[in-house]
Amino acid sequence: MSQDYNLTLNLPKTEFPMRGGLPKSEPKTLERWEEEKVYDKLIEKNEGKPKYVLHDGPPYANGDIHLGHALNKILKDFIVRYKNMAGFQSPFVPGWDTHGLPTELKARAKAGIGSSADISVLELRKLCEEFVTGYIDDQRSQFKRLGCIGEWDNPYITLKHEFEAEQIKVFAEMADKGYIYKGLKPVYWCPECKTALAEAEIEYAEDPCHSIYVKFRVTDDLGKFEAIGIDPNKVFFVIWTTTTWTLPANLAICVGPRYEYSVIKCGDEYYVMATDLYENAMAEAELTDYEVVATIKGAELEYMKTQHPFLDRESLLIVGEHVTLESGTGCVHTAPGHGVDDFNVCQNYDIPTVCPVDGDGKLTEEAGRFAGLTTDEANKQIAIYLDETGSLFALKKIIHQYPHCWRCKTPILFRATDQWFCSVDDFKDKAVDAINTVEWIPAWGKDRITAMVRDRKDWCISRQRKWGVPIPIFYCKDCGEPYVNKEAMLAVADLFGKEGSNAWLEKDASEILPEGTKCEKCGSSSFDKEKDIMDVWFDSGSSWRAVCKRRPYLGAPVDLYLEGNDQYRGWFQSSLLTSVATQGVAPYRTVLTHGMILDMERRKMSKSLGNGISPQEVTQQYGADVLRLWVASSDYQSDISISRDILKQMSEAYRKIRNTARYILGNLNDFDPETDMVDANDLMPIDKWAVVKLN
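A short tour of the structure in this document, coming up. All chains use their own residue numbering, which begins from 1 and follows the written sequence. Local features in a predicted model are, by the rule used here, given only for residues with pLDDT of at least 70; side-chain atom pairs are given and counted only at 80 or more, and totals for whole chains, interfaces and linings are based on all residues. As a convention, hydrogens and water are excluded, and side-chain values are obtained from all of the structure's heavy atoms.

**Some details on the overall build of the protein chain**
No. 1: Here a strand is any run of E in DSSP of at least two residues, a helix any run of H or I of at least four, and the numbering for each starts at the N terminus. When helices and strands are counted, the protein chain shows 22 helices and 27 strands.
No. 2: Its C-alpha atoms give the protein chain principal-axis dimensions of roughly 125 × 70 × 50 Å.
No. 3: Between buried and exposed lies partly exposed: a residue is buried under 20% and exposed over 50% of the maximum accessible area for its type, with that area taken using a 1.4 Å probe on protein chains only. Buried residues in the protein chain amount to 52% of all 695 residues.
No. 4: Of the roughly 33,200 Å² that the protein chain leaves accessible, carbon and sulfur atoms contribute 49%.
No. 5: When charges are counted, Lys and Arg are positive and Asp and Glu negative, with His and the chain ends excluded. A single reference atom marks each charge: NZ on Lys, CZ on Arg, CG on Asp, CD on Glu. The centroid of the 82 positive side-chain charges in the protein chain is displaced by 5 Å from the centroid of its 106 negative side-chain charges. Surface accessibility follows the Shrake-Rupley procedure with a 1.4 Å probe radius. Residue values consider only the protein chains on display as shielding.

Rendered as structure tokens:
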């Protein structure tokens, strides 16, 4: 009888299977974690230990998660799990951002509603809430499928009553300190979305345009050209612009006071341009037969007057330190209704603000013969008219970087409108001081956000939309004066905490305001309510208070914010500004950023390029652990590449790790620590080292 010699060998044995079968086995593991309340038990077990709080930046609840979301949440999960195993109690509260135009547009599209005018405001808000609630449930399931632990049954959501109430309190405190004001200023304006935009909602792209040089004839030279024998009626200041459609708003020409300007004779005309720039401008105009007949300092040109090339008004010569010699002519076309620098410098001369473009991006009656044209149409028609009337000096087609709306991807306008602003200048130094108390990882993040805060203008916080948190301001019906009062705003906060922000639309102002409220200007007791909503960045930027301070087991400031490197101008900054404005400190102790996800050709991943890979696709084919292994093996502080080949390689790496673990477990099959454990003193030196490292 033959003998089975396998039975005489002590071979490794284990119930740990060789094949993971992750797409099928992981959902069962997640189900068991949920049934056994693994996260709750972990937090309970760590009760009394030092806290470590990572505050979750809220993604928009308006679609399925993408690989950027997966990278972000998996990194956070690594940290939360590690801290909970390293002597801390590290709770994790996931959150969702629910307001804003992207959500409104997608909700309308899903419901087949073409325009917000086709539905009442309350119906639109109800539609949006149902839309985001569905996507919160979808994204929650998708994040949990990645193996991420946290308070998934108790997340924070920016449309919840308690969140909106705390957000209003943040606004009220800022307003009470004088940081909130209403003013007519040029802002980023999207004619497609018909609303003002914040800096964080702008992205730059290359656009073709015409670089245009325009002649403005002198009408008053203050006697300076005439004194040197030049007929002032033949003198022209030559301006340069890449936005021809803004010429109807021109009210001044700005020069650098310390720069030298040349008077160039060409034929029987004289052109005034910066000495350092005129040669290039003359070349653009293809003019070669000319001579410089005089030079003059920019400061001496101040208060001269010129005739607008196609409107019946004058353009004043003014001086400004923002003028550079990098391009153009050194004579800056100045339209205070279409540029921040233009607006600011014109304030020094009491020059009014004219904005002859409406919210749809069409020129108004103030644009004269070009009224009714879109800005694109006006670019062409104005250039043709300038050429026909002899005011066109030169024109050239170029490609330049121009701001676009991050939502609809169309070019934006700079347009002066009445908006609510947060005066960042009033506490900018405090914000920079707060930045210096924070650890920034990578370290260059500190310089980046410091520069952004120092350079930023006042924060436009109003939006002309319907889906969002209303700005809690009232207006006197009799004199129109805004009623900016902390007590009134706290009454709004109390109302929102009980009934939600829809109550702003459902109730009359008299039902919201404290009894006896009167206009501080005229004494009237009749009020209207503000129709604008808050910038969505103000929503998420208030989460340190609405979530962390409101939940005592979190607290603020928190230990860590972790998001993509695009959030220096987004959530990191809006959170910093609201926190410093109200409590004088940063809302975080450490900020860590990760890069963006690119394909193997270093292109941004997108469906339109055909290079997109969804997390759901990865988990269905390989399992979430393979995706987590990819994250763990990546240098996340830089942009990260991914492809199907990389995922296949990760799957192979996972198989090797799994088989190694299986072999080790098999070797421990017959190990009994009660009888087989070796005394620490008898261990070999390398084993002693390993034990010390593990402990």
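**Focus on the pairing of strand β16 (residues 413-422)**
No. 1: Of all ten residues that make up β16, eight are buried, and the element is covered over most of its length.
No. 2: Examined bridge by bridge, strand β4 (residues 180-190) and β16 share ten bridges and lie antiparallel to one another. Bridging from a neighbouring strand, V187 pairs with R415 of β16. For two strands to be treated as a pair, DSSP must find no fewer than two bridges joining them.

**Quick word on the nonpolar core**
No. 1: Each nonpolar core is a collection of buried residues, namely Ala, Val, Leu, Ile, Met, Phe, Trp, Tyr and Cys, held together in the definition by side-chain atoms within 4.5 Å. Counting 69 residues, the largest nonpolar core has F171, F474, L576 and Y588 as the members making the most contacts within it.
No. 2: The element best represented in this core is helix α6 (residues 161-176), accounting for seven residues.
No. 3: The contact criterion used throughout is that any non-hydrogen atoms of two residues lie within 4.5 Å. Leaving out residues up to four positions away in the same chain, F474 has contacts with E481, P482, Y483, A488, V492, W504, A509, I512, L513, F527, D528 and K529.
No. 4: If you look at the next biggest cluster of nonpolar residues, it comprises 52 residues, including I65, L127, L627 and Y654.

**Some details on the packing of aromatic side chains**
No. 1: Geometry of aromatic contacts follows a simple scheme: Phe, Tyr and Trp rings, the Trp one being its six-membered ring, pair when their centres are within 6.5 Å, and the pair is stacked under 30 degrees between planes, edge-to-face over 60, tilted otherwise. Throughout the structure, instances matching the rule amount to 27 aromatic pairs.
No. 2: Here the aromatic rings of F310 and F370 are separated by 5.1 Å at their centres, their planes lie at 85 degrees, and the arrangement is edge-to-face. Separated by 60 residues along the polypeptide, F310 in the loop between β12 (305-307) and β13 (314-319) and F370 in the loop between α8 (340-347) and α9 (375-388) bring together distant segments of the chain.
No. 3: Residue classification places F370 among the buried positions, given a relative accessible area of 4%.
No. 4: Taken together, a centroid distance of 5.1 Å and an interplanar angle of 50 degrees make the contact between F474 and W504 tilted. With F474 in strand β20 (residues 474-476) and W504 in helix α13 (residues 503-506), this residue pair connects regions lying 30 residues apart in the sequence.

**Topic: the environment of C422**
No. 1: Here C422 is to be found in strand β16.
No. 2: Separated by 39 residues in the primary sequence, C422 and I461 have C-alpha atoms spaced 6.8 Å apart.
No. 3: Aside from chain neighbours lying at most four places away, what touches C422 is M174, Y179, I180, Y181, F427, D458, W459 and I461.

**Observations regarding the pattern of salt bridges**
No. 1: We define a salt bridge as a contact between a side-chain nitrogen of Lys or Arg and a carboxyl oxygen of Asp or Glu at a distance within 4 Å. Under the defined criterion, the tally for this structure stands at 31 salt bridges.
No. 2: Note that R145 is salt-bridged to E26, the shortest N-O span being 2.8 Å. With R145 in helix α5 (residues 121-145) and E26 in helix α1 (residues 22-35), this residue pair connects regions lying 119 residues apart in the sequence. Just as R145 is buried, E26 falls in that class too.
No. 3: D56 is the salt-bridge partner of K76, the closest N and O atoms lying 2.4 Å from each other. Of this pair, K76 sits in helix α3 (residues 67-85) while D56 sits in the loop between β1 (54-55) and α3, and the two are 20 residues apart along the sequence. For the residue pair K76 and D56, the accessibility class agrees, reading buried in each case.
No. 4: Here the residues in one salt-bridge network are D56, K73, K76 and E563, joined through shared partners.

**Remarks on the state of the cysteines**
By definition, a disulfide links the sulfur atoms of two cysteines through a covalent bond.
No. 1: By convention in this document, the label disulfide applies to cysteine sulfur atom pairs within 2.5 Å. Taken as a whole and assessed by the stated rule, the structure comprises zero disulfides.
No. 2: Free cysteine: C266, not disulfide-bonded; nearest cysteine sulfur from C331 at 16 Å.
No. 3: C266 sits in the buried class, given a relative accessible area of 13%.

**Things to note about the sheet that holds strand β25 (residues 588-594)**
No. 1: The four strands lie next to each other as β1-β24-β25-β17, forming an open sheet whose pairing is parallel. The open sheet has two edge strands, β1 and β17 (439-441), and neither has a second partner.
No. 2: Bridge count between β17 and β25: three bridges; the pairing is parallel. Its bridge partner being in β25, I441 is matched across the sheet by L592.
No. 3: Fitted lines through C-alpha atoms give the axes, limited to the stretch in contact for helices. The angle between two N-to-C directions lies from 0 to 180 degrees. Along the sheet face, helix α17 (residues 571-583) touches β1, β24 (558-564) and β25 and points at about 145 degrees away from the line of β24.

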